[in-house]
Amino acid sequence: MRVMAEEILRIENLHVSVEGTLILKGVNLTIHRGEIHAIMGRNGAGKSTLANVVMGHPAYVITEGSIFYKGQPLEELAVFERARAGMFLSFQYPAVIPGVQVGTFLKKSVTSVRDEAPKGRAFRKELTSAMEQLSMDKSFLSRYVNDGFSGGEKKRLEILQMLLLKPHLALLDETDSGLDIDALRIVAKGINEVAVDSACLIITHYQRLLDLVKPDYVHAMINGTIVQTGGPELALELEDRGYDWLDVTA
Amino acid sequence: MTDEAQDVIGDYRYGFHDPENSTIRFDQGLSEQVVRDISELKNEPEWMTDIRVKAYRHFVERVMPEWGNCDLLNKIDFESITYFLRSSNKTETSWDDVPDDIKNTFNRLGIPEAEQKWLGGVTAQYESEAVYHSIREDLEEQGVIFLDMDTGMKQFPEIIKKYFGTVIPYSDNKFSALNTAVWSGGSFLYIPKGISVEMPVQAYFRINAKNMGQFERTLIIADEGSSVHYVEGCTAPSYSTDSLHSAVVELIAMEGAKIRYSTVQNWSSNVYNLVTKRAVAHKNATIEWVDGNIGSKLTMKYPSVLLKGEGAHAEVISVAYAGEGQHQDTGAKVHHLASNTTSNIISKSISKKGGRSSYRGLLQVTPKSTGCRSKIVCDALILDDYSRSDTYPTMEIGNSTADLEHEASVSKVSSDQLFYLMSRGFTEDAAMGLIVNGFFEPFTRELPMEYALELNKLLELEMEGSIG
């Protein structure tokens, strides 16, 4: 039974606007440790906004409602504090950081989040094993962060970071987009590994990732609210029927 | 260090100063007599005294440049500057013999340690003259000469007479005239034919006294087929009054020779840094200027290369960081005077907290020079809304076979980059530091590793408190 598991994320009546436009209009969602939730919806439904506002993107303004992480109101935490408290966002479009090598970036990031520099040899071992798992060549480490990366390479680097940072809450924003089936399998394996002991929120358009990462709950989001919640079967139904049958405004 | 000094220093790590123990100190101010006195004190031959005096007269007549930062230039009070200050009677070859205060300063700057680990030779200049110089025995045995310029004048006057002022005549500009008139210290480096000096040699320039003028003069000659990497560093205490650093650096690369000259200039923000650097590259020779400008109040410096021989190559990689109250007016000049010569110029600048960085470049291809190629890339990064970046490129292309590329960009750090890094646990300052280090990476990767690490640390410190 998972009912006794620790509450990681609780979102209450969340309203969020971007540049004055209201995007989220009363979202409620609770995720416990060990649970995988998927949010599905059309483009513009507010899925990415939800992931970004939880992580603390400054462009998203909460106009009403609250977010709690492990019972603590999130508004008190700066973005880097959220990361250090165990939150992680796998970006749909990760930023390019020219001139900064992946190896340097990973080491510094792990040092920041763990609040101590990882031991050289132990860290190299950890890194090598995570990269092997994701079928990433060592040469990745000397490339610049996301600079000239293909879509698939970017997503792999996101998952590599997730494996190293071992978050308690993983927000995965369209991690499956742009991946071929082999890459999708590799990425899914990484997500499944982290999901065992953390709360996981997967944002996606498509069913195909959910074949590989089994969600406990699937939520359909339309026009800034969650209109339907179900089990994995809801994802199949959405894939099959689309969203119109749930869209009261249509 | 006094409390007062501490207050002025702020974040600048090298702003400490020693008590002033000069053995000879000239009164402030400049006159023909001061120029003659410097020459006499150094026991120079008459020809050098004559050049100095001519240069002084030219300096007096020459008007201040009417470009660059005229407001700041016109605030220089030449009468308040000390033109010569000797703090140690001898240039020592063992650190043990250097006066304690001075030795401690260079220890704090990490020079003796670096010397032991990875340098082929060192000269350490303190105020007007070198207090220490050394060269590895194996290099000396190969005929490499690495001396401070004053010792060079005594031991090799005929070589210096042949080359002094041939690349940069005193009449080149007002500050080359000033330097020629009152020069003291600097490096004299000669690499014999065919010798490759594997370990870099380094000169370090330290100003300690208030209102000091430092006018080192450097001459580097790489004979046919030889190669060398010369590194210079510079720092000064932070004072509320201005100091002036005005160097002249002449490089000569004979046929097939290669000179790399790397600078990390980190003067305190009360120093005017007005330097003329120029190189001549003969047939198939290579000149590389790797020029980093982090400190100073106003820097005006445009490392230049005269590509005189066919097949010669120039490489100028420069970075400038302009923080609060700083103007970095830097760039590069390359003259393609012979056929099939090539050049590559990369300039990167960052402006922050109202700082201003300017790129000023000149690319010339003479009518008779065919088949020349040049690529220029200028990137500016502006970190806030009230800092400034300008570009003043000039091209004089006299031959239609030239193949030229010029790219320029001005960018800001995006909020997406910051958010991405912060979501990975970086504070806003640390994120900014990482982005800035990445931006300068094409420069830092060319430096010896020890310098690169130091520079990265320096920039990270500069980014602290950068975002309000």
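The rules behind the values
- Residues numbered from 1 in each chain as written.
- Chains lettered and ligands numbered in written order.
- Predicted model: local features only at pLDDT ≥ 70, side-chain atom pairs only at ≥ 80, totals over all residues.
- Helix = DSSP H or I, 4+ residues; strand = E, 2+ residues; numbered from the N terminus.
- Buried ≥ 20, exposed ≤ 12 C-beta atoms within 10 Å, placed from the backbone.
- Contact = placed C-beta atoms within 7 Å.
- Rg over C-alpha atoms; globule rule 2.2 N^0.38 Å.
- Pairing = 2+ DSSP bridges.
- Axes fitted to C-alpha atoms, helices over the stretch in contact; angles between N-to-C directions.
- Nonpolar A, V, L, I, M, F, W, Y, C, P; charged D, E, K, R; others polar.
- Domains from an automatic or database assignment.
- Expected span 1.5 Å × (residues − 1).
- Arc of directions from axis to C-beta.

**Things to note about the overall build of chain B**
Helices and strands together make up the secondary structure of chain B, namely 14 helices and 25 strands. Overall, the C-alpha framework of chain B stretches about 65 × 60 × 45 Å when taken along its three principal axes. Looking at chain B as a whole, 56% of its 468 residues are labelled buried. Partitioning the intrachain contacts of chain B with sequence separation of at least 6 by distance along the chain shows that 82% fall at a separation of at least 24.

**Concerning the overall build of chain A**
Summing up its helical and strand segments, chain A has eight helices and twelve strands in all. Computed over its C-alpha atoms, the radius of gyration of chain A comes to 18 Å, within 12% of the 18 Å expected for a compact globule of 250 residues. Considering only C-alpha atoms, chain A reaches an extent of 55 × 40 × 40 Å along its principal axes. Taking all 250 residues of chain A together, 43% fall into the buried category. For chain A, the share of sequence-separated contacts (at least 6 apart) that also reach a separation of at least 24 residues comes to 73%.

**A closer look at the sheet that holds strand 5 (residues 72-73) of chain A**
Whenever strands of a sheet pair, they do so through backbone hydrogen bonds, lying parallel or antiparallel. Residues and elements named next belong to chain A. Pairing is antiparallel across the open sheet formed by four strands, whose spatial order is 2-1-4-5. Unpaired on one side and paired on the other, strand 2 (21-32) and strand 5 mark the two borders of the sheet. The pairing of strand 1 (residues 7-18) with strand 2 spans nine bridges and is classified as antiparallel. Each residue of the ladder has a partner; that of Leu14, found in strand 2, is Val27. Running over the sheet, helix 1 (residues 47-55) touches strand 1, strand 2 and strand 4 (60-69) and is turned about 70° from strand 4.

**Remarks on the interface of chain B and chain A**
With 17 residues of chain B in contact, the opposing surface of chain A contributes 20 residues. Contributions of two or more residues to the side of chain B that touches chain A are made by helix 11 (415-422) and helix 12 (428-439) of chain B. It is helix 11 of chain B that contributes the most residues to the side of chain B that touches chain A, six residues altogether. Residues that form the side of chain B that touches chain A fall into these classes: seven nonpolar, seven polar and three charged.

**Here we look at the pairing of strand 13 (residues 258-265) of chain B**
Residues and elements named next belong to chain B. Judged by how many residues are buried, strand 13 sits mostly within the fold: seven of eight residues are covered. Bridging between strand 10 (residues 227-235) and strand 13 involves eight bridges; their strand directions are parallel. Looking at strand 13, one finds that Gly233 is bridged to Val264. In terms of strand pairing, strand 13 meets strand 16 (residues 286-293) through eight bridges, oriented parallel.

**Some remarks on the pairing of strand 11 (residues 217-222) of chain A**
Residues and elements named next belong to chain A. Among the six residues of strand 11, five are classified as buried, and the element is accordingly described as predominantly covered. Examined bridge by bridge, strand 11 and strand 12 (residues 225-230) share five bridges and lie antiparallel to one another. Bridge pairing in strand 12 places Ile222 opposite Thr225. Count of turn residues in the strand 11/strand 12 antiparallel hairpin: two residues, of which Asn223 carries a positive phi of about 50°.

**A few points about unusual backbone geometry**
Residue and element names in this part refer to chain B. In the Ramachandran plot, Glu127 falls in the positive-phi region, its phi being about 60° despite a non-glycine side chain. Assignment of secondary structure puts Glu127 in the loop between strand 3 (121-126) and strand 4 (129-135). Judged by the 25 C-beta atoms lying within 10 Å of it, Glu127 falls in the buried class. Residues other than glycine seldom take positive phi values, yet Asn340 does so here, at roughly 55°. Under the C-beta neighbour-count criterion, Asn340 is labelled partly exposed, with 18 such atoms within 10 Å.

**Thoughts on the domain arrangement of chain B**
Residues and elements named next belong to chain B. The domains assigned to chain B are domain 1 (3-301) and domain 2 (414-468). Computed from C-alpha atoms alone, the centre-to-centre distance between domain 1 and domain 2 is 30 Å. In this assembly, eleven residues from domain 1 lie in contact with nine residues from domain 2.

**Focus: the environment of Leu24(A)**
All names here are of chain A. Turning to its location among the elements, Leu24 is positioned in strand 2. For the pair Leu24 and Lys189, spaced 165 residues apart in sequence, the C-alpha separation works out to 31 Å. Residues in contact with Leu24, not counting those within four places in the same chain, are Leu14, His15, Val16, Gly46, Thr49, Leu50 and Gly224.

**Quick word on the environment of Arg143(A)**
Residue and element names in this part refer to chain A. With respect to the secondary-structure elements, Arg143 resides in the loop between helix 4 (120-133) and strand 8 (144-145). Given 17 C-beta atoms within a 10 Å radius, Arg143 is considered partly exposed. Each C-alpha atom, one on Arg143 and one on Val100, is 7.9 Å from the other, the two residues being 43 residues apart in sequence. Aside from chain neighbours lying at most four places away, what touches Arg143 is Gln101 and Val102.

**Observations concerning helix 14 (residues 449-463) of chain B**
Residue and element names in this part refer to chain B. Relative to the 21 Å expected for 15 residues at 1.5 Å per residue, helix 14 spans 21 Å between its end C-alpha atoms, a close match to the ideal helical length. All buried positions along helix 14 are accounted for by Tyr451, Leu455, Asn456, Leu458, Leu459, Glu462 and Met463. What you see down the axis of helix 14 is that its buried residues fit within an arc of 160°, all on one side. Exposed and oriented more than 90 degrees from the buried face of helix 14 are Met449 and Leu453. In this fold, the buried residues of helix 14 make contact with strand 13, strand 16, strand 19 (313-322), helix 12 and helix 13 (441-444).

**Details of the sheet that holds strand 13 of chain B**
All names here are of chain B. As summarised here, the arrangement of the ten strands in space is 4-3-7-10-13-16-19-21-23-25, forming an open sheet in which the pairing is mixed. The sheet is open, and its two borders are formed by strand 4 and strand 25 (403-412), each paired with just one other strand. The mean angle between the axes of side-by-side strands here comes to 5°, regardless of whether they run parallel or antiparallel. Relative to strand 7 (residues 201-206), strand 3 is paired through six bridges, and the arrangement is parallel. Paired with Ala124 across the two strands is Tyr204, which belongs to strand 7.

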